[in-house]
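Coordinate analysis (summary)
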Amino acid sequence: MARLPIIVAPDPRLKRKCAAVEAVDETVRTLMDDMLETMYAAPGIGLAAPQVGIASRVIVVDIAREGEERSPYRMANPEVVHVSEELASYEEGCLSLPEHYSEVTRPSEATIRYLDENNERREVEVEGMLATCIQHEIDHLDGILFVDRISRLKRDMIIKKLVKAKRAEARASD
Ligand code: GNR
Ligand code: NI
């Protein structure tokens, strides 16, 4: 297993629409495991392939708390096939928008169809934090960040701060 560097916004690699995988083979399985290792180390509760520079429709999620037993999902080509009318708001964060958080409203329940690590077709019904997290990860596969779902004022403020932080870092490593 390997830990992969996580891309921080703004970056064009976070804005691409990712391609479906043809099948979950050994290469995709290794990517899923590397992404899980990267996510646990961060730490985070989800990670999408574009965040580690891979433009493929692969996500991993584990919302278990520290000390609880791990319960990872490995998903290829995840699709939202049904959402509830009911909405829920959560304070979201993103490893590609470090140290920025904002309330995002999304459907509170969703049905997700995907290929698992054995290339088997599966469907799960999810709710609560898990539903929020999976929708956040699927957004990444379409080049969408949580800041694209909040007010422009808040989005511009966050992006401005990230650009500033990148400039400061570039100067520091000169
Ligand atoms: O670690 C993460 N926490 C989180 C909190 C609320 C809603 C979504 C998330 S996902 C995020 C990790 C990440 O950036 N995944 O793409
Ligand atoms: Ni994210």
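Before going further, it helps to examine the packing of aromatic side chains. The final tally for this structure, using the stated rule, is zero aromatic pairs. It is Arg 70 that lies over the ring of Tyr 40; its NZ or CZ is 3.7 Å from the centre.

A few words on the coordination of the nickel ion (ligand 2). For the nickel ion (ligand 2), the full set of protein donor atoms is Cys 94 (SG), His 136 (NE2) and His 140 (NE2), and the range of their distances to it is 2.1 to 2.3 Å. The sequence pattern describing where the donors of the nickel ion (ligand 2) fall on their chain is C-x41-H-x3-H. Within this pair, His 136 and its partner His 140 are both found in helix H2 (residues 128-141), separated by four residues, close to a single helical turn. Residue classification places His 136 among the buried positions, given a relative accessible area of 8%. His 140 gets classed as buried once you look at its relative accessible area, which sits at 2%.

Let's shift gears to unusual backbone geometry. In this chain, Ala 9 is followed by Pro 10 through a cis amide linkage whose omega measures -5 degrees. Its location among the elements puts Pro 10 in the segment before helix H1 (26-41). That bond from Ala 42 to Pro 43 is cis: its omega, -10 degrees, falls within 30 degrees of zero. Mapping Pro 43 onto the fold places it in the loop between H1 and strand S1 (46-48). Backbone geometry at Asn 77 places phi at a positive 50 degrees, although glycine is not the residue there. Note that Asn 77 resides in strand S3 (residues 73-83). At Glu 99, a residue that is not glycine, the phi angle is positive and equals roughly 75 degrees. By secondary structure assignment, the location of Glu 99 is in the loop between strand S4 (87-92) and strand S5 (102-107).

All right, on to the sheet that holds strand S7 (residues 121-127) then. Judged by pairing direction, the sheet is antiparallel, and its five strands sit side by side in the order S1-S2-S3-S6-S7 without closing on themselves. The sheet is open, and its two edges are formed by S1 and S7, each paired on a single side. Ignoring which end each strand starts from, the neighbouring axes of this sheet average 40 degrees apart.

Every one of the 13 residues lining ligand 1 counts as a neighbour, but Ile 45, Gln 51, Leu 95, Glu 137 and His 140 are closest to it. Within the side chain of His 136, a nitrogen or oxygen atom sits 3.2 Å from an oxygen atom of ligand 1. Out of a free accessible area of 380 Å², ligand 1 has 91% covered by protein chains. In terms of residue count, H2 provides more of the shell around ligand 1 than any other element does, four residues in total. Per-class residue counts for the shell around ligand 1 are four nonpolar, six polar and three charged.

About the thresholds
- Residue positions are counted from 1 within each chain, in the order its sequence is given.
- The naming scheme follows written order: chains are lettered A onward, ligands numbered 1 onward.
- Thresholds applied to this predicted model are a pLDDT of at least 70 for local features of residues and 80 or more for the giving and counting of side-chain atom pairs; totals over whole chains, interfaces and linings are not thresholded and use all residues.
- Only heavy atoms go into the side-chain values, all of them from the structure, while hydrogens and water stay out.
- In this analysis, rings of Phe, Tyr and Trp, with Trp reduced to its six-membered ring, are considered paired at centre separations within 6.5 Å, and the interplanar angle assigns stacked below 30 degrees, edge-to-face beyond 60, and tilted for intermediate values.
- Two conditions define a charge sitting above a ring: the NZ of Lys or the CZ of Arg must be within 6 Å of the ring centre, and it must be within 35 degrees of the ring normal.
- Any N, O or S atom lying within 2.8 Å of the metal counts as a donor, with the limit raised to 3.2 Å for Na, K and Ca; because water is left out of the atom set, some sites can appear incomplete.
- Strands here mean DSSP runs of E at least two residues long; helices mean DSSP runs of H or I at least four residues long; both are numbered from the N terminus.
- Summary of the burial criterion: residues with accessible area below 20% of their type's maximum are buried, those above 50% are exposed, and those between are partly exposed, where the area comes from a 1.4 Å probe applied to protein chains only.
- Strand pairing is defined by DSSP finding a minimum of two bridges between the two strands.
- Convention adopted: a line fitted to C-alpha atoms gives each axis, helices being fitted over their contacting stretch, and angles between N-to-C directions are expressed from 0 to 180 degrees.
- Any residue with at least one heavy atom within 4 Å of a molecule or strand is counted as near it.
- Polar contacts, as counted here, are pairs of nitrogen or oxygen atoms within 3.5 Å of one another; within protein the pair requires one atom able to donate a hydrogen and one able to accept it, and residues that are adjacent in sequence qualify only if both atoms are side-chain atoms.
- Each accessible area value is a Shrake-Rupley result obtained with a 1.4 Å probe; residue values ignore everything except the protein chains displayed when judging cover.
- Amino acids outside the nonpolar list (Ala, Val, Leu, Ile, Met, Phe, Trp, Tyr, Cys, Pro) and the charged list (Asp, Glu, Lys, Arg) are all regarded as polar, and Gly is one of them.

By themselves, these are just geometric observations and shouldn't be taken as functional.
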